[in-house]
Amino acid sequence: TIEIDFNSDEALYIQLRNQIIYGIATRQFHEGDALPSVRQLAEEIGINMHTVNKAYSVLRQEGLLRLDRRGTVIALDIDRLKAEEEMRDSLRVVLARGFCKGINRAEVHELVDEIFDEYE
């Protein structure tokens, strides 16, 4: 189930992208699963088709989706080194924000363990 918060400051396409990534990580979506068409998903969650298309495009660029004869499907073909590099770049910013707010190393480790437990 994809949930969009229309009151959030986060862009709708980013929310949708993140929800799909979370769905893959929690095994709601699997390699080869077909996602709804752009039009269908836009109607289901009440957002513009261009917003869905943008989220799908970003996920294709990130190597998590591909187009095939069935439409848009989950494709986990990013290589591990590239994924680690992208994660490192994202974590630098997230950790810096946390550091500025006084979140310490032990609290970060606890958060990481808690989140990883959701995926196992």
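Above: the structure in question.
I will try to describe carefully the structure that is included in this document. Everything quoted here is computed from the prediction, not taken from an experiment.

### A few points about the overall build of the protein chain
Stage number 1. What the protein chain contains, in helices and strands, is five helices and two strands.
Stage number 2. Its helices and strands taken in sequence order, the protein chain reads α-α-α-β-β-α-α from the N to the C terminus.
Stage number 3. Along the first, second and third principal axes, the C-alpha atoms of the protein chain reach 45 × 35 × 25 Å.
Stage number 4. Of all 120 residues assigned to the protein chain, the portion counted as buried reaches 25%.
Stage number 5. Pairs at least 24 residues apart make up 50% of the contacts formed inside the protein chain by residues separated by at least 6 positions.
Stage number 6. Carbon and sulfur atoms make up 52% of the accessible area of the protein chain, which totals about 8,800 Å².
Stage number 7. Measuring between centres, the 15 positive side-chain charges of the protein chain sit 6 Å from its 23 negative side-chain charges.

### Focus: a nonpolar patch on the surface
Stage number 1. On the surface, Met87, Leu91, Val94 and Leu95 cluster together to form a nonpolar patch covering roughly 350 Å² of accessible area.
Stage number 2. Relative accessible area serves as the criterion here: at 43%, Val94 is assigned to the partly exposed category.

### Structural notes on the layout of surface pockets
Stage number 1. When its volume is computed, the largest pocket comes out at roughly 1,900 Å³.
Stage number 2. Taken together, 32 residues make up the lining of the largest pocket; nearest its centre are Ile21, Ala25, Met87, Phe116 and Tyr119.
Stage number 3. Listed by contribution, the elements that provide at least two residues to the lining of the largest pocket are helix H1 (12-25), helix H4 (80-100) and helix H5 (105-119).
Stage number 4. Looking at the lining of the largest pocket, the element that brings in the most residues is H4, giving ten residues.
Stage number 5. Looking at the lining of the largest pocket, its residues break down into 19 nonpolar, three polar and ten charged.
Stage number 6. Its boundaries defined by the atoms lining it, the second largest pocket holds a volume of some 210 Å³.
Stage number 7. Lining of the second largest pocket is provided by Leu95, Gly98, Phe99, Ile103, Asn104, Arg105, Val108, His109 and Val112.
Stage number 8. For the lining of the second largest pocket, the elements supplying multiple residues, two or more each, are H4 and H5.

### Focus: the pairing of strand E1 (residues 65-68)
Stage number 1. Bridging between E1 and strand E2 (residues 71-74) involves four bridges; their strand directions are antiparallel. By the bridge assignment, Arg66 is partnered in E2 with Val73.
Stage number 2. Counting the residues in the hairpin turn of E1 and E2 gives two residues.

### Remarks on the packing of H1 against helix H3 (residues 49-61)
Stage number 1. The contact between H1 and H3 brings their axes to 8 Å, and the two run at 50 degrees. Taken together, H1 and H3 sit at an angle that is classed as oblique. Considering only the axes of H1 and H3, their crossing is right-handed. Residues Leu12, Tyr13, Leu16, Arg17, Ile20 and Ile21 of H1 form the contact with H3, whose participating residues are Thr51, Val52, Lys54, Ala55, Tyr56, Val58 and Leu59.

### Observations regarding the packing of aromatic side chains
Stage number 1. Here the structure, examined in full by the defined rule, presents two aromatic pairs.
Stage number 2. Between Phe116 and Tyr119 the ring centres are 6.3 Å apart and the planes differ by 75 degrees, which places this aromatic pair in the edge-to-face class. Here Phe116 and its partner Tyr119 are both found in helix H5, three residues apart, which amounts to about one turn of the helix.
Stage number 3. Judged by relative accessible area, which is 48%, Phe116 ranks as partly exposed.
Stage number 4. A network of ring pairs unites the aromatic residues Tyr22, Phe116 and Tyr119 as a single cluster.
Stage number 5. A cation sits over an aromatic face here: Lys54 above Tyr13, 4.2 Å from the ring centre.

Procedures and definitions
Residues numbered from 1 in each chain as written. Predicted model: local features only at pLDDT ≥ 70, side-chain atom pairs only at ≥ 80, totals over all residues. Heavy atoms only, no water. Helix = DSSP H or I, 4+ residues; strand = E, 2+ residues; numbered from the N terminus. Buried < 20%, exposed > 50% of the residue type's maximum accessible area, 1.4 Å probe, protein only. Contact = heavy atoms within 4.5 Å. Areas by Shrake-Rupley, 256 points an atom, 1.4 Å probe, with all protein chains shown as cover. Lys, Arg positive; Asp, Glu negative; His and termini not counted. Charge placed at Lys NZ, Arg CZ, Asp CG, Glu CD. Patch = residues over 30% accessible without salt bridge, like charges linked within 9 Å, V, L, I, M, F, W, Y side chains within 5 Å. Salt bridge = Lys/Arg side-chain N within 4 Å of Asp/Glu carboxyl O. 1 Å grid on protein atoms, 1.4 Å probe; cavity = no way out; pocket = protein on both sides within 12 Å on 5 of 7 lines; lining within 4 Å. Points joined across faces, edges and corners; volume = space filled by probe spheres on them. Nonpolar A, V, L, I, M, F, W, Y, C, P; charged D, E, K, R; others polar. Pairing = 2+ DSSP bridges. Axes fitted to C-alpha atoms, helices over the stretch in contact; angles between N-to-C directions. Parallel < 35°, antiparallel > 145°, perpendicular 65-115°, else oblique. Left-handed = near helix turned anticlockwise from the far one by under 90°. Phe/Tyr/Trp six-rings, centres within 6.5 Å; stacked < 30°, edge-to-face > 60°. Lys NZ or Arg CZ within 6 Å of the ring centre and 35° of its normal.

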